[in-house]
Amino acid sequence: VSVPLSTSKQIGFTPDLVPGRFLGRASSSSWTGQVVLAAVAGMLGLTQQRRAHWRGIQRWGGGQATAANLALSDRWIADLDLPVFGREVHELGQRLRNEQGPRDQAHLRKMVLWSRLCGLVGVATAWLTPNPLTVLALSLWTHSAWTMIGHHVSHGGYNRTDDSGRYSSRGFAQGSLWRRAVDWFDWMLPEAWKIEHNQLHHYRLGEDADPDLLERNAAVWEGSERYTMPFLSMLLWKWAYYAPNTYKELKVSEMRRKKQPLPHGFDPLAPLTVSDLLSGKGNGVFSFSEFLFRVIGPYFVARFVLLPLPFALLGGLPFYVNAVCNVILADILSNIHGFIVIVTNHAGNDLYRFDVGCKPKSPTFYLRAVTSSANFRTGGNVNDFLHGWLNYQIEHHCWPELSMLAYQRGQPELKAICERHGVPYVQENVFVRLKKTLDIAMGRTQMRRYPLSFECKEDQMLWNNDHVLAAAV
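A short tour of the structure in this document, coming up. In this text the structure is predicted, and so the values were computed from the model without any measurement.

What follows covers the environment of leucine 236. With respect to the secondary-structure elements, leucine 236 resides in helix H10 (residues 225-257). Non-local contacts of leucine 236, meaning those with residues more than four positions away in its chain, are made with Tyr241 and Asn335.

Pasting the structure below:
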């Protein structure tokens, strides 16, 4: 199936074969010709009706849907002045970016200190019989190193304020096992996580191409799995799902860059778990042994074997066993903590899903960052530390390259912009969000679908990957 891209008022695209990045930028002239997408259509099993639906998208503010037939919860869409809203959000982000300086860097150093103090307390008491203090301290050490330090540094939040380059996104935790161990050591490979999270998740938020879209990922669960798998996932999702799935995105990205075809029958949209790897579903992309030795093996050996080992010399086998048990319990708690503050950011029957791609930093991009994300209680370093700074998810998706302190400063202003324009700004207690997330995972509720006919045509985007056919014309 070929989708013509040279209709009147068509957005032109310059080809870009770098996977995970957008296909091109808007140009003043149209790109004539056709893009052959038969392989993608076959892979995704799109029907004629779905393709006709894509081609039938109208300009924002008209088309198939009208204000009269919008659901009551969607009526705000018809009244929204999208360009003005987008401009205000963009200008706020630019101002916050320009205001970053030594205070932001000092704040990062403080959070790094807090994280390492948690690690120090946890390691120093690991020889004790398993206890809440040790487990909590080790868990917070692992959790904060990822969600606060690795997360924001890898997005470039401190590229403009860190003169030393120690916390620059260009080398942090990447390039060698040593850098990974020193900067941010976790189950996931940092290079893989940057592809999956920084690129695909952030710029395909709420679309089928978003690898973190829970509603789509949970659709494979059937029967009793719908009720058992969400709770089982809480305990082990980082190593059983997130590590292999992020690595899959890295490998698929590398294959596309080299113009290598994906294996027959391999669905790049489908989540890839450890059990999938063991059953051979990753064959032709990467093997379980590669995953073991490159991704999870080094962390397992360092955290669960080498870290407790000194206690065997100090107190013999009992001290070593206690330390191993504390580390295992801390990992389980870190998984639960991460699930509660991460997965809940983008799931719930009050958040939106989308059918087409959009340009980065366009008004639609900012609108999606707000309406497909949820915040928790914000304000105060202790509160924000315990939330892993993921309680500013709306602000983070609007401006992923800002510092943690910038999100604290900008949150009240962004919320005020949304209230002024009638855009739903979802902010609730994290456990309320957990309930709504579990309802989605169990199939009890559904996320909202943003009306296709109200998508802004000028903001639509054709991405250079096999996840999406095209921006409709």
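Here the focus is the state of the cysteines. One pass over the structure, following the stated rule, counts zero disulfides. The cysteine cysteine 358 is free of any disulfide, with cysteine 456 supplying the nearest cysteine sulfur at 9.9 Å.

One finds Phe85, Phe291, Trp399 and Leu414 to be the most contacted residues of the largest nonpolar core, which totals 103 residues. A per-element tally of this core places H10 first, with nine residues. Contact partners of leucine 414, with chain neighbours within four places excluded, come to Val89, Leu92, Ile394, Glu395, Cys398, Trp399 and Tyr425.

Attention now goes to the environment of alanine 218. Turning to its location among the elements, alanine 218 is positioned in the loop between helix H9 (214-217) and H10. For alanine 218, a relative accessible area of 0% gives the class buried. Along the sequence, alanine 218 and proline 230 sit 12 residues apart, while their C-alpha atoms lie 8.5 Å from each other. Those residues in contact with alanine 218, other than ones at most four positions away along the chain, are Arg226 and Ala441.

A few words now on helix H17 (residues 404-421). Between its first and last C-alpha, H17 extends 26 Å over 18 residues, near the 26 Å set by a 1.5 Å rise per residue. Along H17, the helix axis deviates most sharply at glycine 410, where the bend reaches about 45 degrees; the proline proline 412 sits within four residues downstream. Looking only at H17, the buried set comprises Met404, Leu405, Ala406, Tyr407, Gly410, Gln411, Leu414, Ile417, Cys418 and His421. The elements touched by buried residues of H17 are helix H4 (82-99), helix H5 (102-124), helix H6 (132-154), helix H14 (363-371) and helix H16 (393-398). Where H17 ends, the next residue or the one after it, glycine 422, has phi of about 75 degrees, a positive value.

This part takes up the environment of leucine 108. With respect to the helices and strands, leucine 108 occurs in helix H5. Once you skip the residues sitting within four places of it in the chain, leucine 108 turns out to touch Tyr158, Tyr167 and Met404.

The terminal C-alpha atoms of H5 lie 32 Å apart, and with 23 residues this matches the ideal 33 Å at 1.5 Å per residue to within 8%. Taken together, the buried positions of H5 are occupied by Asp104, Gln105, His107, Leu108, Met111, Val112, Ser115, Cys118, Gly119 and Gly122. In this fold, the buried residues of H5 make contact with H4, H6, helix H15 (381-386) and H17.

Okay, the side chain of asparagine 131 next. Within the element layout of this structure, asparagine 131 appears in the loop between H5 and H6. The contacts of asparagine 131, once residues within four sequence positions are left out, are Thr125 and Asn326.

H6 packs onto H5 with a crossing angle of 150 degrees between their chain directions and a minimal axis gap of 7 Å. Regarding the angle of H5 to H6, the classification is roughly antiparallel. You can see that H5 and H6 cross each other, and the crossing is left-handed. Residues Met111, Val112, Ser115, Cys118, Gly119, Val121, Gly122 and Val123 of H5 form the contact with H6, whose participating residues are Leu133, Thr134, Ala137, Leu138, Leu140, Trp141, Ser144, Ala145, Met148 and Ile149. Across the contact of H5 with H6, the residue classes break down as 13 nonpolar, five polar and no charged.

This part takes up the pattern of salt bridges. Evaluated as defined, the whole model comprises 23 salt bridges. We note a salt bridge from glutamate 215 to arginine 353, for which the minimum N-O separation is 2.9 Å. One end of the pair, glutamate 215, is in helix H9; the other, arginine 353, is in strand E3 (residues 352-353), with 138 residues separating them in the sequence. The pair formed by glutamate 215 and arginine 353 is uniform in burial state, with each residue classed as buried. With its nearest N and O atoms 3.1 Å apart, the salt bridge here joins glutamate 428 to lysine 436. Under the relative-accessibility criterion, glutamate 428 is labelled partly exposed at 26%.

A cluster of nonpolar side chains, contributed by Leu232, Leu235, Ile328, Leu329 and Ile332, occupies part of the molecular surface with about 370 Å² of accessible area. Ranked by residues supplied to the nonpolar patch, first place goes to helix H13 (residues 309-342) with three residues.

Conventions we followed
Residues numbered from 1 in each chain as written. Predicted model: local features only at pLDDT ≥ 70, side-chain atom pairs only at ≥ 80, totals over all residues. Heavy atoms only, no water. Helix = DSSP H or I, 4+ residues; strand = E, 2+ residues; numbered from the N terminus. Contact = heavy atoms within 4.5 Å. Disulfide = S-S within 2.5 Å. Core = buried A, V, L, I, M, F, W, Y, C linked by side-chain atoms within 4.5 Å. Buried < 20%, exposed > 50% of the residue type's maximum accessible area, 1.4 Å probe, protein only. Expected span 1.5 Å × (residues − 1). Bend = angle between axes of the 7 residues up to and from the residue. Axes fitted to C-alpha atoms, helices over the stretch in contact; angles between N-to-C directions. Parallel < 35°, antiparallel > 145°, perpendicular 65-115°, else oblique. Left-handed = near helix turned anticlockwise from the far one by under 90°. Nonpolar A, V, L, I, M, F, W, Y, C, P; charged D, E, K, R; others polar. Salt bridge = Lys/Arg side-chain N within 4 Å of Asp/Glu carboxyl O. Patch = residues over 30% accessible without salt bridge, like charges linked within 9 Å, V, L, I, M, F, W, Y side chains within 5 Å. Areas by Shrake-Rupley, 256 points an atom, 1.4 Å probe, with all protein chains shown as cover.

From the geometry alone we can't say anything about function, so treat these as descriptive.
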